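Here is what each chain is made of, one letter per residue.
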Amino acid sequence: MEVRLRTIAPDQELLKFYEQMYISREFEERCAEQYTKGHITGFLHLYSGQEAVSVGATAGLHRDDYILSAYREHAQAIVRGAEPRRVMAELFGKATGICKGKGGSMHLFDPSLNFMGGYAIVGGQFPIAVGLAFSARYRSEDRIAACFFGDGAVNQGTFHESLNWAQLWQLPVLFICENNFYGIGTEVHRSSALASIHKRTCGYDIPSEKVDGMDVMAVYRAVKYAAEKVRESGHPYFIEATTYRFRGHSMADPAKYRSAAEHEMWKARDPLPNYARRLIEEGIATREVLEAIEARCQTTVDEAVKFAEESPWPDDSAVWEDIYV
Amino acid sequence: MSEMTYRDALNLALKEEMRRDSSVFVLGEDVALYEGSFKVTRGLLAEFGEERVKDTPISENTIIGVSVGAAMGGLRPVAELMTVNFALLAMDQIINHMAKICFMFGGQTFLPMTIRMPGGGGSQLGAQHSQSLETYFMHCPGMYVLYPATPADAKGLLKSAIRNNNPVIFLEHELLYNSKGEVPEDPEYLVPIGTADVKRPGEHVTIVAYARMTVLALQAAEQLAEEGVSCEVVDLRSLAPLDEGSILASVRKTGRAVVVEECWRTCGLGAEITSRIYENCFDILKSPVKRVSGLDVPMPYSREIEKICLPRSETIRQAVMDVMSGAY
Ligand SMILES: Cc1ncc(C[n+]2csc(CCOP(=O)(O)OP(=O)(O)O)c2C)c(N)n1
Ligand SMILES: [Mg+2]
């Protein structure tokens, strides 16, 4: 029996979750279109299917908490508060982008939002999150560091080094594994001796739990609980959210390694329509209310694309800026 | 001024900067309780306590990554990698993260961090513990690379590194830790990053060197003076950025140059410096530039053959004589 939504959060919050998931999906699908048109170049890793993780988790954190992620992070930046148009401009490589066009899809960053970066070296963000958590404790700041990563990243040395370190120094880090069951084309059982990822923290005595990453409320509740645990105790905590990406690893990947049946099974669990149905069934929204939200998101993304298109390229002189030696 | 060792000068720099700024903290393997494998962090734990002087696991990549995060969060980490050889395990955080973050995030954050690394050969430590990797760091934009030769420069440069708002690779030569010299006591004594220093003025030949190579070059110059050859020894101090102006000014004066590097010859920093001399001073050179380098081999253990793999004052002297006589 599912817990009724209203017992978890007020209506306004519940509708915001829908809006954030919807704009995430809309943004990514428009990115795919813009990539096909040649407006977005390079690597493009889309988040479609995983929205419930970012939306639920971000809502469970405080605004002062740091967020770090990998390269599949457009939605995470937007859900944290980045303007979609500045994210889109970054993807277009324009001067108005969130990193002045110097970062690109995989390197979004905005310290004013405590969004401390997208990193494209698998496992690169773990130690940086630990360091940020240390700085928070050192400076007696009331904030934790939430570190998102994929199932593929848990086989990197930095994963183990950072889990050990965070527990050894007793630092407020919340590790959030987005287990979408694939690292590019390699299914998790082909890369991990222990595929039940949350169990891996035993070796470091870090409490962990597994949550349904296709259910925004489940993620929200788990992260809210975990974040408070981390905040109160100052110790690390680990969440594994099981999820699925509906697209290939990147735009270059047709995802031939996954069966149609598997894809269909996960499609049936798409977090957007399922959550929309719950909102309607529980009388929180009507179809019309949701359609109005969807239209608003579409307009925002339309405007983001237009803004990106019309924005100027960076000046050549930009290559000599933000570098000291 | 007071006389002290290179080690004590570094130690004093750390203490002064930690007293001056509470956001400075030290981390690394064995730096706290054990006071550092070369004892550079002696007394720090006692004076500054557990939260500012931190022993870490043997996790080099994460030592640097944690420093990156701490710097991003507003602190001034001074990380010690036990020796430069182990920096190779941290190259991902050094090159892919630390050196990139300011630029790739559009200047929205900066990393005031220093990584100290003892290194260099000559102690019969074998192939894996005797490397001179300075060129590896110089090659990559986004970080300063400093390598002092004297106690005074060690102190002044380390203090400048810690106060700098951007990443600094700070190399220390293991064979210089016990060397002595006069060191200014002024806690505001700083050596500016990016400036070479003429350690000995001369007229006939410029010897460009750094760290222990400077010490050897000065020995060679002393000997050569007795033989009637006047050498100008330019101590780089800062490898990135290179003080090209000082190098070229000296070569324009003498018309001859010998470039000394402890690292491997192929693609070594001597190649870069030599190329810059040719590009800028070709017309005034009285003879071709000569390089004195480490041999392109893994370091052998045995003292008698390790010796020939590294520049010596005798090989520097010979290179100067060759340049003077036109014998190549
Ligand atoms: C150190 C490193 N090795 C390899 C790669 C290439 N690579 C990019 S993404 C990826 C798979 C990562 O999978 P996972 O952590 O599960 O994240 P997901 O793509 O599923 O979100 C690989 C191998 C890389 N970027 N960095
Ligand atoms: Mg994955």
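Going by the structure above, here's the rest.
Parameters at a glance
Residues numbered from 1 in each chain as written. Chains lettered and ligands numbered in written order. Predicted model: local features only at pLDDT ≥ 70, side-chain atom pairs only at ≥ 80, totals over all residues. Heavy atoms only, no water. Helix = DSSP H or I, 4+ residues; strand = E, 2+ residues; numbered from the N terminus. Buried < 20%, exposed > 50% of the residue type's maximum accessible area, 1.4 Å probe, protein only. Contact = heavy atoms within 4.5 Å. Lys, Arg positive; Asp, Glu negative; His and termini not counted. Charge placed at Lys NZ, Arg CZ, Asp CG, Glu CD. Rg over C-alpha atoms; globule rule 2.2 N^0.38 Å. Areas by Shrake-Rupley, 256 points an atom, 1.4 Å probe, with all protein chains shown as cover. Near = heavy atom within 4 Å. Nonpolar A, V, L, I, M, F, W, Y, C, P; charged D, E, K, R; others polar. Buried area = accessible area lost by both parts, 1.4 Å probe. Salt bridge = Lys/Arg side-chain N within 4 Å of Asp/Glu carboxyl O. Polar contact = N/O pair within 3.5 Å; in protein donor to acceptor, adjacent residues only side chain to side chain. Donors = N, O, S within 2.8 Å, 3.2 Å for Na, K, Ca; no water. Phe/Tyr/Trp six-rings, centres within 6.5 Å; stacked < 30°, edge-to-face > 60°. Lys NZ or Arg CZ within 6 Å of the ring centre and 35° of its normal. Axes fitted to C-alpha atoms, helices over the stretch in contact; angles between N-to-C directions. Parallel < 35°, antiparallel > 145°, perpendicular 65-115°, else oblique. Left-handed = near helix turned anticlockwise from the far one by under 90°. Pairing = 2+ DSSP bridges. Core = buried A, V, L, I, M, F, W, Y, C linked by side-chain atoms within 4.5 Å. Domains from an automatic or database assignment.

**Student:** Teacher, can you tell me more about the overall build of chain A here?
**Tutor:** Of regular secondary structure, chain A possesses ten helices and eight strands. Its C-alpha atoms put chain A at 60 × 50 × 40 Å along the principal axes. The buried share of chain A, taken over its 325 residues, is 59%. Considering only contacts in chain A between residues 6 or more positions apart, those separated by 24 or more positions represent 75%. Computing the positive centroid from 36 side-chain charges and the negative centroid from 45, chain A places the two 2 Å apart.

**Student:** So what exactly am I meant to see when it comes to the overall build of chain B here?
**Tutor:** If you tally the helices and strands in chain B, you get twelve helices and 14 strands. On C-alpha atoms alone, chain B measures out to a radius of gyration of 20 Å, which is about the 20 Å that the 2.2 N^0.38 rule sets for 328 residues. Projected onto the principal axes, the alpha-carbon positions of chain B cover approximately 60 × 40 × 40 Å. When the 328 residues of chain B are sorted by exposure, 64% land in the buried category. The contacts in chain B between residues at least 6 apart in sequence include a share of 81% that link residues at least 24 apart. Looking at chain B as shown, the accessible area adds up to about 11700 Å², and 53% of this sits on carbon and sulfur atoms. Mean positive and mean negative side-chain charge positions of chain B (31 and 42 charges, respectively) differ by 2 Å.

**Student:** What is the right way to read the site of ligand 1 from this model?
**Tutor:** The full set close to ligand 1 counts 15 residues, and A:Tyr71, A:Arg72, A:Gly152, A:Asn180 and A:Tyr182 are the nearest of them. For the shell around ligand 1, the per-class residue count stands at seven nonpolar, six polar and two charged.

**Student:** Looking at this structure, I do not really get the interface of chain B and chain A. What am I missing?
**Tutor:** Frequently, the measure chosen for interface size is the accessible area removed from exposure when the parts meet. On the side of chain A, 41 residues touch chain B, which itself brings 44 residues to the contact. When chain B packs against chain A, close to 3400 Å² is buried across both sides, 70% of that on carbon and sulfur atoms. Counting the surface chain B buries against chain A, the share from its top three residues, B:Phe103, B:Phe105 and B:Gln108, is 19%. For the pair chain B and chain A, the number of links is one salt bridge. The salt bridge partner of A:Arg137 is B:Glu51, with a shortest N-O separation of 3.0 Å. In this assembly, chain B and chain A are joined by 14 residue pairs in polar contact (both at pLDDT 80 or more).

**Student:** Would you explain the coordination of the magnesium ion (ligand 2) in this entry?
**Tutor:** Each pair of donors in an ideal four-coordinate tetrahedral metal site encloses 109.5 degrees, whereas pairs in an ideal six-coordinate octahedral site enclose 90 or 180 degrees. Residues and elements named next belong to chain A. Summarising the metal site, the magnesium ion (ligand 2) is bound by the protein donors Asp151 (OD), Asn180 (OD1) and Tyr182 (O), whose distances to it range over 2.1 Å. Binding-site remark: the magnesium ion (ligand 2) is held by donors from one chain whose sequence spacing is D-x28-N-x1-Y. Taken together, the residues aspartate 151 in the loop between strand S3 (145-150) and helix H6 (157-168) and tyrosine 182 in strand S5 (residues 182-183) connect sequence positions 31 residues apart.

**Student:** In this structure, what is going on with the packing of aromatic side chains? I would like to understand it.
**Tutor:** The relation between two aromatic rings is expressed through the spacing of the ring centres and the mutual angle of the planes. Summed over the entire model, instances satisfying the criterion amount to 26 aromatic pairs over all chains. Arranged with centres 4.8 Å apart and planes meeting at 50°, the rings of A:Phe134 and B:Phe25 form a pair that is tilted. Here A:Phe134 is found in helix H5 (residues 125-138), whereas its partner B:Phe25 is found in strand S2 (residues 24-28) on a different chain. Accessibility classification places A:Phe134 together with B:Phe25 in one group, the buried group. Linked through ring pairs, A:Phe126, A:Phe149, A:Phe159, A:Phe175 and A:Phe238 together constitute an aromatic cluster. The ring centre of A:Trp313 lies 5.0 Å from the NZ or CZ of A:Lys94, which sits over that ring. Sitting over the ring of A:Phe246, A:Lys267 keeps its end group 4.2 Å from the ring centre.

**Student:** Is there a simple way to think about the packing of helix H1 (residues 11-36) of chain A against helix H10 (residues 287-310) of chain A in this case?
**Tutor:** In a packed pair of helices, the relevant descriptors are the angle between the two axes and the axis-to-axis distance. Residue and element names in this part refer to chain A. Close contact between H1 and H10 brings their axes to 9 Å; oriented N to C, the two are set at 40°. With respect to H10, the element H1 is oriented oblique. For the element pair H1 and H10, the recorded crossing hand is right-handed. Where H1 approaches H10, its residues Leu15, Tyr18, Glu19, Tyr22, Ile23, Glu26, Phe27, Arg30 and Gln34 are matched on the opposing element by Leu290, Ile293, Glu294, Arg296, Cys297, Gln298, Thr300, Val301, Asp302, Val305 and Glu309. When the residues that make up the contact of H1 with H10 are grouped by side-chain class, the tally is ten nonpolar, three polar and seven charged.

**Student:** Please clarify how the sheet that holds strand S11 (residues 231-235) of chain B should be interpreted in this entry.
**Tutor:** Backbone hydrogen bonds hold the strands of a sheet together, and the pairing may be parallel or antiparallel. Residue and element names in this part refer to chain B. Strand order in the open sheet made by the five strands is S9-S11-S10-S13-S14, with mixed pairing throughout. Two strands in the sheet have a free side with no partner beyond their single neighbour: strand S9 (197-200) and strand S14 (290-294). Averaged over neighbouring strand pairs, the angle between their axes works out to 25° when direction is ignored. Relative to S11, S9 runs antiparallel, the two being bridged by three bridges. Its bridge partner lying in S11, aspartate 197 is registered against aspartate 235. Helix-sheet contacts for helix H10 (residues 269-281) involve strand S10 (205-209), strand S13 (257-264) and S14, and the interaxial angle to S13 is about 155°.

**Student:** Would you mind showing me how to read the nonpolar core here?
**Tutor:** One recurring pattern in soluble globular proteins is that nonpolar side chains are buried together. The biggest cluster of nonpolar side chains holds 162 residues, and the ones touching the most others in it are A:Leu174, B:Ile94, B:Phe137 and B:Ile277. No other element matches the ten residues that H1(A) contributes to this core. Both of domain 1 (2-183) and domain 2 (197-325) of chain B provide at least three residues apiece to this core. With sequence-adjacent residues up to four places away left out, B:Ile94 is seen in contact with B:Ile64, B:Ala87, B:Ala99, B:Ile115, B:Met117, B:Phe137, B:Met143 and B:Ile169.

**Student:** How should I be thinking about the pairing of strand S1 (residues 66-69) of chain A in this particular structure?
**Tutor:** On a regular strand, each side chain points to the face opposite its neighbour's, so the side chains alternate between the two faces of the sheet. Residue and element names in this part refer to chain A. Alternating positions in S1 separate into two faces, Tyr66 and Leu68 on one and Ile67 and Ser69 on the other, with burial throughout. As judged from the three bridges shared by S1 and S3, these two strands associate in the parallel manner. When the sheet's bridge partners are listed, leucine 68 is paired in S3 with cysteine 147. Across two bridges, S1 lies against strand S2 (residues 115-118) in parallel orientation.

**Student:** I would appreciate a short explanation of unusual backbone geometry in the present structure.
**Tutor:** Glycine aside, residues mostly have negative phi angles, and peptide bonds mostly take the trans form. Of the consecutive residues B:Ala240 and B:Pro241, the connecting peptide bond is found in the cis state with omega at 0°. Its location among the elements puts B:Pro241 in the loop between strand S12 (238-240) and helix H9 (244-254). At A:Ala255, a residue that is not glycine, the phi angle is positive and equals roughly 60°. The topology assignment puts A:Ala255 in the loop between strand S8 (237-242) and helix H8 (260-267). Overall, A:Ala255 belongs to the buried group, its relative accessible area being 13%.

**Student:** When you look at the sheet that holds S8(A) in this model, what are you seeing that I'm missing?
**Tutor:** All names here are of chain A. Pairing in this open sheet of six strands is parallel, and the strands run S2-S1-S3-S4-S8-S7 from one edge to the other. Each of the sheet's edge strands pairs with one partner strand only, and the pair in question is S2 and strand S7 (208-212). Pairwise comparison of adjacent strand axes, ignoring direction, gives a mean angle of 15° for this sheet. Contacting S1, S3, strand S4 (173-179) and S8, helix H2 (residues 51-60) runs over the sheet at an angle of about 165° to S4.

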